[in-house]
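Coordinates in review
One letter stands for each residue in the lines below.
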Amino acid sequence: MVSSEVESLARTGGLGDVVEALSRSLSSLGADVVVVTPKYGVTRVPVDARWWTRPVVAPLGLGHARELGVLEARLGGGAASISSRTLPPRACMLADSQLFDRAGLYGDRDGPFTDNAFRFATLSSGALAVAEQAWGGALPDVVHAHDWHAAFAVIYARRERGAAWAKVPSIVTIHNLAFQGQTSPAEIDYLALPRDGWDAGWFRHEGSVNPLKGAIEIADRVTTVSETYAREIQRWPNGYGLDAHLRWHRNKLVGIVNGIDVDAFDPSTDGAIERRYGAADLGEGKRACKAALCAELGLDADPTAPLFAVVSRLQYLKGIDLLLADLPALVDRGARVALVGTGERDLESALLGAARRWPGRVAARVAFDPALARRVFAGADFLVVPSRDEPCGLTQMYAMRYGGIPVVTPVGGLRDTVDPVDLAHASGTGVVSAGADVASLLLALEEALALWRDDIGMGSLRARAMARDSSWAKSARKYLDLYRSLGV
Ligand code: GLC
């Protein structure tokens, strides 16, 4: 596995959660997984991590090569790995003081780093160098690259590292097509990309070098993180310019919906929340967690008022502005609202502005705080995911796991993971709006408020949400089957 994020080491979003949880699931199914990722300045290095005795050499363009230190650790010793007979995955963190030892993964307060293409080309090249040694000299059975950062690994393996590597099957997983890693054609040689690939157009896109497009072209399989998203990206505008390219390659495009790590996210064992609870004491557990969360965030405590929450990166595509437009109506109907996230500056200030406008009713935390996120999943009655576009989305699954009810737009993985509530048939686990716009979202929020007024219905809805199986079991098997279909 090649990835710019791994949940327990360094992450900014769902990519890290998925790479770690998927790797652990595959390990528990018997696969021998090595995850390669950078060692950033902000990486939380596990105590048992050990340096390889010698650095690896990552060839790059123009005769240049970088020496990278390799720091290896087992990924997570949590409940899952203790109970299984197999070893957890190995994580190899690549150290390069110039490129990775910085206070952010992709950028800092001054904006994105300008050398990101080269940084992640180095990760990708280094990952193959690690793989050449991780199994005593044998090459891996499959290279699995995540998002554009790792796309170079697919290209290098097939085209730049000789005949043995060229035969190794490769998969690229798209976690978010909005990010493709475009960079200037002036960098082709520097990034060690094959010139004929530019001429043939397989990583050339609208005048830029597009590493994700190149990996889609030559990987044996392209996967994305939900079935619906796999269809959506083949059409304008969700294809972000690659819709035709993806349609052309549709026979190797597969949607496999993400799961979540149900051992790490379990309200009956979670040490971050006010009161632990299971299905049997769901009502009391959530009440206690909600009261504590309201106190922590400075929201007026009122058990009869529903608490809506958002935990999200603050980006246009996440549709936070849609929810902000519906806030006056929500507050007017007596709801409490908790907004948590970081991202675009104007959205951060909009959140803080809303909290100032409705003190006690709306709270905002501009923070990336995984422990707070867990307290929100446990304390919120409704978790809103107002995305315009959502490859999979994880917070709706975390919320359900904690007995919260998701209110989501009908896009991507939200559609695949939230079954619309149907009171007449006592089915469904959440509210799905008719569209990703202010008016449709308001109707969905109104539906949530109506549900809230129905005590009995709400109790059984919560129980169904909590009982939903969001584990990786099924999807990890699908990845294994995919590997096998490539002769692994
Ligand atoms: C990205 C996507 C999100 C997905 C996650 C993990 O963060 O935006 O929808 O759940 O990757 O695949």
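The rules behind each value
- Residues numbered from 1 in each chain as written.
- Predicted model: local features only at pLDDT ≥ 70, side-chain atom pairs only at ≥ 80, totals over all residues.
- Heavy atoms only, no water.
- Phe/Tyr/Trp six-rings, centres within 6.5 Å; stacked < 30°, edge-to-face > 60°.
- Helix = DSSP H or I, 4+ residues; strand = E, 2+ residues; numbered from the N terminus.
- Salt bridge = Lys/Arg side-chain N within 4 Å of Asp/Glu carboxyl O.
- Buried < 20%, exposed > 50% of the residue type's maximum accessible area, 1.4 Å probe, protein only.
- Near = heavy atom within 4 Å.
- Polar contact = N/O pair within 3.5 Å; in protein donor to acceptor, adjacent residues only side chain to side chain.
- Areas by Shrake-Rupley, 256 points an atom, 1.4 Å probe, with all protein chains shown as cover.
- Nonpolar A, V, L, I, M, F, W, Y, C, P; charged D, E, K, R; others polar.
- Domains from an automatic or database assignment.
- Contact = heavy atoms within 4.5 Å.
- Buried area = accessible area lost by both parts, 1.4 Å probe.
- Pairing = 2+ DSSP bridges.
- Axes fitted to C-alpha atoms, helices over the stretch in contact; angles between N-to-C directions.
- Right-handed = clockwise from strand over helix to strand, strands pointing away.

**Considering the packing of aromatic side chains**
The tally for this structure, following the rule as stated, stands at 13 aromatic pairs. When the centroid spacing of 5.9 Å and the interplanar angle of 50° are considered together, the rings of Tyr-106 and Phe-120 count as tilted. Of the two residues, Tyr-106 sits in the loop between β5 (90–95) and β6 (107–108) while Phe-120 sits in helix α3 (residues 116–134), which places them 14 residues apart along the sequence. Taking the centre distance of 5.4 Å and the plane angle of 35° together, the rings of Phe-377 and Tyr-398 count as tilted. Highlighted residues: Phe-377 in helix α13 (residues 370–379) and Tyr-398 in helix α14 (residues 395–401), separated in sequence by 21 residues.

**A closer look at the pattern of salt bridges**
Here the structure, examined in full by the defined rule, presents 18 salt bridges. In this structure, Arg-401 and Asp-266 form a salt bridge, with 3.6 Å as the shortest nitrogen-oxygen distance. Within this pair, whereas Arg-401 is found in helix α14, its partner Asp-266 is found in the loop between β13 (253–255) and α10 (282–297), the two being separated by 135 residues in sequence. Judged by its relative accessible area of 16%, Asp-266 falls in the buried class. Salt bridges linked by common partners bring Lys-290, Asp-381 and Arg-462 together as one network.

**Quick word on the site of the ligand**
What surrounds the ligand is a group of 14 residues, the closest being His-175, Asn-258, Arg-313, Glu-390 and Gly-393. Between Asn-176 and the ligand, the recorded distance is 3.2 Å, taken from a side-chain N or O atom to an oxygen atom. Residue Glu-390 places a side-chain N or O atom 2.4 Å away from an oxygen atom belonging to the ligand. About the coverage of the ligand: the protein hides 96% of its 310 Å² of free accessible area. Sort the elements by how many residues they give to the shell around the ligand and helix α1 (residues 14–28) lands first, with three residues. Grouping the amino acids of the shell around the ligand by side-chain chemistry returns six nonpolar, five polar and three charged. Mapped onto the domain boundaries, the shell around the ligand takes at least three residues apiece from domain 1 (14–259 + 472–485) and domain 2 (282–467).

**A few points about the domain arrangement of the protein**
When its domains are assigned, the protein resolves into domain 1 (14–259 + 472–485) and domain 2 (282–467). The distance between the C-alpha centroids of domain 1 and domain 2 comes to 32 Å. Listed by partner, the interface residues are 19 residues for domain 1 and 18 residues for domain 2. Buried area between domain 1 and domain 2, both sides added, is near 1,300 Å², and the carbon and sulfur share of it is 48%. Summed over the shared surface of domain 1 and domain 2, the number is zero salt bridges. Applying the counting rule to domain 1 against domain 2 returns eight residue pairs in polar contact (both at pLDDT 80 or more). Of all the secondary structure elements, the ones that give two or more residues to the side of domain 1 that touches domain 2 are α1 and α8 (227–232). Broken down by element, the side of domain 1 that touches domain 2 gets its largest block of residues, four residues, from α8.

**What about the sheet that holds strand β15 (residues 336–343)?**
Taken in spatial order, the six strands of this open sheet run β16-β15-β14-β17-β18-β19, and their pairing is parallel. What marks the edges here is a single partner per strand, and that holds for β16 (362–365) and β19 (431–432). Relative to strand β17 (residues 382–385), strand β14 (residues 307–314) is paired through two bridges, and the arrangement is parallel. Its bridge partner being in β17, Ala-309 is matched across the sheet by Leu-383. Packing against the sheet, helix α12 (residues 345–357) makes contact with β14, β15 and β16, and its axis sits at approximately 145° to β16.

**Side note on the pairing of β15**
The buried fraction of β15 is high, at six of eight residues. Read as a crossover between parallel neighbours, the route from β14 over helix α11 (residues 320–332) to β15 is right-handed. Judged from the four bridges that link them, β15 and β16 form a sheet pairing that is parallel. The residue bridging Leu-339 from the neighbouring strand is Ala-364, located in β16.

**Here's the deal with the sheet that holds strand β8 (residues 143–146)**
Taken together, the four strands give an open sheet; going across it, the order is β8-β9-β12-β13, and neighbouring strands pair in parallel fashion. This sheet does not close on itself; its edge strands, each paired only once, are β8 and β13. On average, adjacent strands in this sheet sit at an angle of 25° to one another, irrespective of strand direction. Across four bridges, the pairing between strand β9 (residues 170–174) and strand β12 (residues 221–224) is parallel. Looking across to β12, one finds that Val-172 is bridged to Val-222. Its contacts with the sheet place helix α18 (residues 473–485) against β8, β9, β12 and β13, and it is angled at close to 170° to β12.

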